[in-house]
Amino acid sequence: MANQKNQSEMPNGHLHELFVDELRDVLGAEKQLLKGLKKLSQHATNETLKMAFDEHYAQTEQQIERLKEVFSTIGMTARAKKCKAMEGLLGEADEIIESFEPGQVLDAALISAAQKVEHYEIASYGCLVTYASLMEHTEAQDLLQATLDEEKETDIKLTDIAMTEVNVAA
Ligand SMILES: [Fe+2]
């Protein structure tokens, strides 16, 4: 794999190729998610939930920019690859949308679908933060940690909406 930094110059350089591959995967995942979040928002009935999806859409756009910055901190051009996991998760969200009428139960199902996405992203960014730390890519690590924190906050927010608004009997 082409890389501009000599792998022997950094600690744990054996992780470099894996790091770049995971960065491309998560960049692809975020781009695919933009489309997915639009759909989730369109089919949500609860206003708080709709707003949470819309906010996360804007946040995802920023996270994409942040990922491009991460690539540039290691002297590489940002390139995405198709994320098969995100494709699968969003495919399941589509099935849910087809299976339930708009309303409380669909909203609960949309939260579940979105939380599965968040957990995938938390795992991805968590690993990327670890790799960046081991290779002492400090700048990249800080950027990735910022996104990891946002993904965790989103997950907590979704649980909160489920507990206080959507999953409780009207
Ligand atoms: Fe994200």
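Relevant structure appears above.
Conventions and cut-offs
- Residues numbered from 1 in each chain as written.
- Predicted model: local features only at pLDDT ≥ 70, side-chain atom pairs only at ≥ 80, totals over all residues.
- Heavy atoms only, no water.
- Helix = DSSP H or I, 4+ residues; strand = E, 2+ residues; numbered from the N terminus.
- Buried < 20%, exposed > 50% of the residue type's maximum accessible area, 1.4 Å probe, protein only.
- Contact = heavy atoms within 4.5 Å.
- Areas by Shrake-Rupley, 256 points an atom, 1.4 Å probe, with all protein chains shown as cover.
- Polar contact = N/O pair within 3.5 Å; in protein donor to acceptor, adjacent residues only side chain to side chain.
- Donors = N, O, S within 2.8 Å, 3.2 Å for Na, K, Ca; no water.
- Tetrahedral: all angles 85-135°; square planar, octahedral: opposite > 155°, others 65-115°.
- Disulfide = S-S within 2.5 Å.
- Axes fitted to C-alpha atoms, helices over the stretch in contact; angles between N-to-C directions.
- Parallel < 35°, antiparallel > 145°, perpendicular 65-115°, else oblique.
- Left-handed = near helix turned anticlockwise from the far one by under 90°.
- Nonpolar A, V, L, I, M, F, W, Y, C, P; charged D, E, K, R; others polar.
- Salt bridge = Lys/Arg side-chain N within 4 Å of Asp/Glu carboxyl O.

When you go through the protein residue by residue, the secondary structure sums to 5 helices and 0 strands. Helices and strands in the protein line up, N terminus first, as α-α-α-α-α. For the protein, the spread of C-alpha atoms along the principal axes amounts to about 60 × 25 × 20 Å. Counting all 170 residues of the protein, 46% fall into the buried class. Nonlocal contacts in the protein, meaning residues at least 24 apart in sequence, comprise 79% of its contacts between residues at least 6 apart. Accessible surface computed for the protein: about 8700 Å², of which carbon and sulfur atoms make up 52%.

Moving on, we get to the side chain of glutamine 63. Position of glutamine 63 among the secondary structure elements: in helix 2 (residues 47–73). Take glutamine 63: its relative accessible area is 0%, and that puts it in the buried class. At a separation of 2.9 Å, a polar atom in the side chain of glutamine 63 contacts the side chain of glutamate 150. Apart from residues lying up to four places away in sequence, glutamine 63 is in contact with Glu30, His56, Thr147, Glu150 and Glu151.

Before going further, it helps to spend a moment on the coordination of the iron ion. Protein ligation of the iron ion involves Glu30 (OE), Glu30 (OE), Gln63 (OE1) and Glu151 (OE), the donor distances falling in the range 1.9 to 2.5 Å. With 4 donor atoms in place around the iron ion and angles of 55 to 149° between them, the coordination shape is irregular. One chain supplies every donor for the iron ion, spaced along it as E-x32-Q-x87-E. With glutamate 30 in helix 1 (residues 16–43) and glutamate 151 in helix 5 (residues 138–166), this pair connects stretches of sequence that are 121 residues apart. Each member of the pair, glutamate 30 as well as glutamate 151, carries the same accessibility label: buried.

We now examine unusual backbone geometry. In this structure, asparagine 12 takes a positive phi of about 55° despite not being glycine. Along the chain, the position of asparagine 12 falls in the segment before helix 1. We note that glutamate 136 has phi near 60°; this positive angle belongs to a residue other than glycine.

The subject of this paragraph is the state of the cysteines. As enumerated under the stated definition, the model contains 0 disulfides in all. Counting only cysteine sulfurs, cysteine 127 is the nearest neighbor of cysteine 83, a cysteine outside any disulfide, at a range of 13 Å. Residue class for cysteine 83 comes out buried when judged on its relative accessible area of 0%. Residue cysteine 127 is classed as partly exposed on the basis of its relative accessible area of 33%.

Where helix 4 (residues 104–134) meets helix 5, the axes come as close as 9 Å, and the angle between the chain directions of the two elements is 160°. The orientation of helix 4 relative to helix 5 falls into the category roughly antiparallel. In this structure, the crossing between helix 4 and helix 5 has a hand that is left-handed. Here the residues of the contact of helix 4 with helix 5 sort into 15 nonpolar, 10 polar and 7 charged.

Side-chain pairs of opposite charge can arise where the charged atoms are in close proximity. A full pass over the atoms with the stated rule returns 6 salt bridges. Close ionic contact of lysine 157 with glutamate 55 constitutes a salt bridge, the shortest N to O distance being 2.6 Å. In this pair, lysine 157 sits in helix 5 while glutamate 55 sits in helix 2, placing the two residues 102 residues apart along the sequence. Between glutamate 150 and arginine 66 there is a salt bridge; the shortest N-O distance is 3.0 Å.

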